[in-house]
Amino acid sequence: MNAGLIGGIIGGIIGIAGGVIGTYFSIKNTEGPKERAFMIKASLLFWFAGIVFIIVLLVLPFPYKWFLWVPYSIALPLGIRFLNKRSAQLKQEDAAER
């Protein structure tokens with residue numbers, strides 16, 4: 001095996017482990033049931049979208065795969081922004097109900 005392949009495999013494993021740990025703590029650190037339910041749904045959606053993105057990136061031929069980064073680079077920050085705002089809103093709602 002060459003160093004590039006080994007580095008790619010190790011890097012992929014580290015990246016997935018980081019995503020799993022981040023997802024776990026994002027769900028664990030919620031403060032109420034509404035926020036937790038939303039975070040679980042959002043995590044599943046983000047994982048699904050990320051896996052689909054990688055699959056499509058691997059399947060598309062060379063010149064076209066670069067165009068896939070345009071919607072991804074727009075949708076990801078907007079999705080994160082929505083997630084943070086909605087999470088804060090649900091946190092306030094859960095606190096008001098207590």
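Residues numbered from 1 in each chain as written. Predicted model: local features only at pLDDT ≥ 70, side-chain atom pairs only at ≥ 80, totals over all residues. Heavy atoms only, no water.

**Student:** Give a detailed account of the confidence of the model for the protein, specifying residues and quantitative values.
**Tutor:** Here the protein shows a mean pLDDT of 92. Residues at 70 or above account for 100%. Predicted confidence in the protein is weakest over helix H3 (residues 62-65), with a mean pLDDT of 87, and strongest over helix H1 (residues 3-28), with 94. (pLDDT = per-residue confidence, 0-100. Helix = DSSP H or I, 4+ residues; strand = E, 2+ residues; numbered from the N terminus.)

**Student:** Give a detailed account of the nonpolar core, specifying residues and quantitative values.
**Tutor:** Within the largest apolar cluster, 5 residues are counted, these being Phe38, Met39, Ala42, Leu83 and Leu90. When contributions to this core are tallied by element, the ones reaching two or more residues are helix H2 (33-59) and helix H4 (69-97). (Core = buried A, V, L, I, M, F, W, Y, C linked by side-chain atoms within 4.5 Å. Buried < 20%, exposed > 50% of the residue type's maximum accessible area, 1.4 Å probe, protein only.)

**Student:** A description of the packing of H2 against H4 should follow, citing residues and the corresponding values.
**Tutor:** Axis separation between H2 and H4 bottoms out at 9 Å; the angle between their running directions is 170°. Classified by the interaxial angle, the pair formed by H2 and H4 is roughly antiparallel. For the contact of H2 with H4, a count of residues per class yields 14 nonpolar, 2 polar and 7 charged. (Axes fitted to C-alpha atoms, helices over the stretch in contact; angles between N-to-C directions. Parallel < 35°, antiparallel > 145°, perpendicular 65-115°, else oblique. Nonpolar A, V, L, I, M, F, W, Y, C, P; charged D, E, K, R; others polar.)

**Student:** Please set out the packing of H1 against H2 residue by residue, giving values where relevant.
**Tutor:** Two elements in contact, H1 and H2, have axes whose closest approach is 9 Å; the angle formed by their N-to-C orientations is 160°. Relative to H2, H1 is oriented roughly antiparallel. Once H1 is placed against H2, the crossing between them reads as right-handed. Between H1 and H2, the residues in contact are Ile16, Gly19, Val20, Thr23, Ser26, Ile27 and Lys28 and Arg36, Met39, Ile40, Ser43 and Trp47, respectively. (Left-handed = near helix turned anticlockwise from the far one by under 90°. Contact = heavy atoms within 4.5 Å.)

**Student:** Account for the layout of surface pockets, with residues named and values stated.
**Tutor:** In this model, the largest pocket occupies a volume close to 770 Å³. Mapped by element, the contributors of at least two residues to the lining of the largest pocket are H1, H2 and H4. For the lining of the largest pocket, the element with the highest residue contribution is H2, accounting for 11 residues. Residues of the lining of the largest pocket, tallied by class, amount to 17 nonpolar, 8 polar and no charged. (1 Å grid on protein atoms, 1.4 Å probe; cavity = no way out; pocket = protein on both sides within 12 Å on 5 of 7 lines; lining within 4 Å. Points joined across faces, edges and corners; volume = space filled by probe spheres on them.)

**Student:** Please provide a residue-by-residue account of the packing of aromatic side chains, values included.
**Tutor:** Across all of its chains, the model carries 6 aromatic pairs by this definition. Their ring planes at 75° and their centres at 5.0 Å tell us that tyrosine 24 and phenylalanine 25 sit as a pair that is edge-to-face. Look at phenylalanine 25 and you get partly exposed, because its relative accessible area is 40%. Measuring from ring centre to ring centre gives 4.1 Å for phenylalanine 53 and tyrosine 72, while their planes differ by 15°; the resulting arrangement is stacked. Here the residue phenylalanine 53 occupies a position in helix H2, and tyrosine 72 occupies one in helix H4, the gap between them amounting to 19 residues. Among the residues examined, phenylalanine 53 registers a relative accessible area of 11% and is labelled buried. Residue class for tyrosine 72 comes out partly exposed when judged on its relative accessible area of 29%. (Phe/Tyr/Trp six-rings, centres within 6.5 Å; stacked < 30°, edge-to-face > 60°.)

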